[in-house]
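Analysis of the macromolecular model
Residues per chain, in single letters:
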Amino acid sequence: MINVRPSEARGHANHGWLDSHHTFSFASYYDPDHMGFRALRVINEDRVTSGEGFDTHPHRDMEIITYPLSGAIAHRDSTGGNGLLRAGEVQRMTAGTGVMHSEMNGSDEDVHFLQIWIIPDTKGLKPEYEQKLFPEKDRQGRWRVVASPDARDGSLTVHQDVLLSSTLLGAGEKAEYTLPKGRHAWLQVARGAGTLNGVALKAGDGVAVTDESSLVLVASEPMEALLFDLA
């Protein structure tokens, strides 16, 4: 079963310096029918103007993944992690027992990124931070695992039974994925357009997948997408 969550159905908040779309309930946007999917709790698509950002604030007991699409994010947190995060890089922060962090636009243009929250399998973990580059050539025309519970293939380590993969597709290209029996998937189209198993999709759309063993994503225009393989 393929259930599309259209881009235009998401929650939306525009604070001037921040333009944010919420796939699931977040902050003042509440939708009891969209509180998350399996262990996936938040997918926010954020655009932050130059010189602005999120001042130091706390998080606890959450796996937080930051996925830039353009621009650069200047990150600093209480684990000692700091630096710039650019498109092609992915960051994972385990909030665990508690962490303070800030995210600022680190470029002279708008920064566009996805902020993802995953509920961890264990509470009270030691706070951690890691960041890695996943080159375009490794994601072009194929799924590349960028986060997993066992750091497979050099991916980030996430404390939950979830595999997060990323792909880049040119017009007419496709990426196929086999979903093991009993697993669920969430596909998020970061940009571009195409079809998943023949169902039309556009930028910002999300798709909940159950009882489908074979997933075929085909781009009708250049596309970037994320796939969450979930218990």
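The shown structure was predicted, so the numbers you read here are calculated from the model rather than taken from an experiment.

This part covers the overall build of the chain. For the chain, the helix and strand inventory stands at one helix and 20 strands. For the chain, whose C-alpha radius of gyration is 17 Å, the value lies close to the compact-globule estimate of 17 Å for 231 residues. Reported as C-alpha extents along the three principal axes, the dimensions of the chain are approximately 45 × 40 × 35 Å. Relative to its full complement of 231 residues, the chain shows a buried share of 52%. Intrachain contacts of the chain at a sequence separation of at least 6 include 71% that bridge at least 24 residues. When the accessible surface of the chain is totalled, it reaches about 10,000 Å², and 50% of it is carbon and sulfur. Computed over 22 positive and 32 negative side-chain charges, the inter-centroid distance for the chain is 5 Å.

Moving on, we get to the UniProt feature "domain: Quercetin 2,3-dioxygenase C-terminal cupin" (unreviewed entry) in the chain. The UniProt record marks residues 145–230 with the feature "domain: Quercetin 2,3-dioxygenase C-terminal cupin" (unreviewed entry), using the residue numbering of this structure. Secondary structure across residues 145–230 divides into 0% helix and 66% strand, with the first and last C-alpha atoms of the span separated by 13 Å.

Turning our eyes to something else, we now look at the sheet that holds strand β7 (residues 72–77). In spatial order, the strands read β5-β10-β7-β8; together these four strands make up an open sheet with antiparallel pairing. Taken across any chain shown, the strands that pair with only one partner, and hence form the sheet edges, are β5 (53–59) and β8 (82–86). With direction set aside, neighbouring strand axes in the sheet form an average angle of 20 degrees. Across five bridges, the pairing between β7 and strand β10 (residues 99–105) is antiparallel. In the sheet register, His75 faces β10, and the bridge partner there is Glu103.

Further remarks concern the packing of aromatic side chains. Taken as a whole and assessed by the stated rule, the structure comprises five aromatic pairs. For the ring pair Trp17 and Phe54, a centre distance of 5.4 Å and an interplane angle of 75 degrees mean the geometry is edge-to-face. Taken together, the positions of Trp17 in the loop between β2 (11–14) and β3 (18–22) and Phe54 in strand β5 put the pair 37 residues apart, joining distant regions of the chain. According to the relative accessible area criterion, Trp17 is partly exposed, its value standing at 27%. Classification of Phe54 by relative accessible area gives partly exposed; the value is 21%. Each ring, one from Phe37 and one from Trp186, has its centre 5.5 Å from the other, and the planes form 50 degrees; the classification is tilted. Of this pair, Phe37 sits in the loop between β3 and β4 (40–48) while Trp186 is found in strand β17 (residues 184–196), placing the two residues 149 residues apart along the sequence. These aromatic residues form a ring-pair network of at least three members: Phe24, Phe37 and Trp186.

Taking burial as the measure, the eight residues of strand β6 (residues 63–70) include seven buried ones, the bulk of the element. Bridging between β6 and strand β9 (residues 89–94) involves four bridges; their strand directions are antiparallel. From the neighbouring strand, Ile65 faces β9, where its bridge partner is Arg92. Relative to strand β11 (residues 111–118), β6 is paired through seven bridges, and the arrangement is antiparallel. Following the sheet pairing, Thr66 is matched in β11 by Gln115.

As a further point, take the sheet that holds β2. Pairing between the strands of a sheet comes from backbone hydrogen bonds, and it takes one of two forms, parallel or antiparallel. Spatially, β2-β3-β4-β11-β6-β9-β12 is the arrangement adopted by the seven strands of the open sheet, whose pairing is antiparallel. Two strands in the sheet have a free side with no partner beyond their single neighbour: β2 and β12 (128–133). Shown here is a sheet whose adjacent strand axes are inclined to one another by a mean of 15 degrees, direction ignored. The pairing of β4 with β11 spans eight bridges and is classified as antiparallel. In the sheet register, Arg47 faces β11, and the bridge partner there is His112.

The rules we used
Residues numbered from 1 in each chain as written. Predicted model: local features only at pLDDT ≥ 70, side-chain atom pairs only at ≥ 80, totals over all residues. Heavy atoms only, no water. Helix = DSSP H or I, 4+ residues; strand = E, 2+ residues; numbered from the N terminus. Rg over C-alpha atoms; globule rule 2.2 N^0.38 Å. Buried < 20%, exposed > 50% of the residue type's maximum accessible area, 1.4 Å probe, protein only. Contact = heavy atoms within 4.5 Å. Areas by Shrake-Rupley, 256 points an atom, 1.4 Å probe, with all protein chains shown as cover. Lys, Arg positive; Asp, Glu negative; His and termini not counted. Charge placed at Lys NZ, Arg CZ, Asp CG, Glu CD. UniProt positions renumbered as here; feature names shortened; annotations may be inferred. Pairing = 2+ DSSP bridges. Axes fitted to C-alpha atoms, helices over the stretch in contact; angles between N-to-C directions. Phe/Tyr/Trp six-rings, centres within 6.5 Å; stacked < 30°, edge-to-face > 60°.

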